[in-house]
Amino acid sequence: MRISAKADYAVRAALELAAAGEDISVKAEVIAGAQGIPHKFLEGILGDLRRSGLVSSQRGGNGGYRLARPADTISIAEVIRVVDGPLVSVRGVRPPELSYCGPAESLLPLWIAVRANVRKILGEVTLAEVAAARLPGDVLGLAEDPEAWTNP
């Protein structure tokens, strides 16, 4: 699985909004500067998040962007899906739509297992948890494994 720049930027922007609080609007320029995200690219991402209903916007001097729901109800997976679509695909196809034969037949349950694990982590971790540096214990446990930090 690869996390695209667009997905990474979207999650980082959403985290800036989560950290700001529910009643504070944040201008795109502020988010872009805080996270080192190209402003024009961020505007498109924020538009995607707004159209999906995850973010709301307000025009004017006190305008900007804010989360449309509490940060503890928005998963990292939701943000990624808005900008990139399905979390796991194989050649652009969702695993249940694939079929294999012969020695490759058991690839399908392998891809499904990968998808289930990605969903479990990204679908259960919320913006609020990441913004507050309170990752769930099982996620921290995976990240604490020294093998997780190496590139074979």
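To start, this report covers the structure provided alongside it. (Residues numbered from 1 in each chain as written. Predicted model: local features only at pLDDT ≥ 70, side-chain atom pairs only at ≥ 80, totals over all residues. Heavy atoms only, no water.)

Between its first and last C-alpha, helix 3 (residues 39-52) extends 20 Å over 14 residues, near the 20 Å set by a 1.5 Å rise per residue. Where helix 3 is concerned, the buried positions are Leu-42, Ile-45, Leu-46, Gly-47, Asp-48 and Leu-49. Buried positions along helix 3 lie against helix 1 (5-20), helix 2 (28-35), strand 1 (55-58), strand 2 (64-67) and helix 4 (76-84). Two residues or fewer after helix 3 comes Gly-53, characterised by a positive phi angle close to 90°. (Helix = DSSP H or I, 4+ residues; strand = E, 2+ residues; numbered from the N terminus. Expected span 1.5 Å × (residues − 1). Buried < 20%, exposed > 50% of the residue type's maximum accessible area, 1.4 Å probe, protein only. Contact = heavy atoms within 4.5 Å.)

Before going further, it helps to spend a moment on the environment of Asp-138. Mapped onto the elements of the fold, Asp-138 is located in helix 7 (residues 137-144). As a C-alpha pair, Asp-138 and Ile-31 span 107 residues in sequence and 30 Å in three-dimensional space.

This part takes up the pattern of salt bridges. With the rule as written, the count across this model stands at 5 salt bridges. Across the pair Asp-48 and Arg-51 runs a salt bridge, and its minimum N-O distance is 2.7 Å. Here Asp-48 pairs with Arg-51, and both are found in helix 3, just 3 residues apart, close to one helical turn. Classification of Asp-48 as buried rests on a relative accessible area of 19%. Using a relative accessible area of 57% as the deciding quantity, one classes Arg-51 as exposed. (Salt bridge = Lys/Arg side-chain N within 4 Å of Asp/Glu carboxyl O.)

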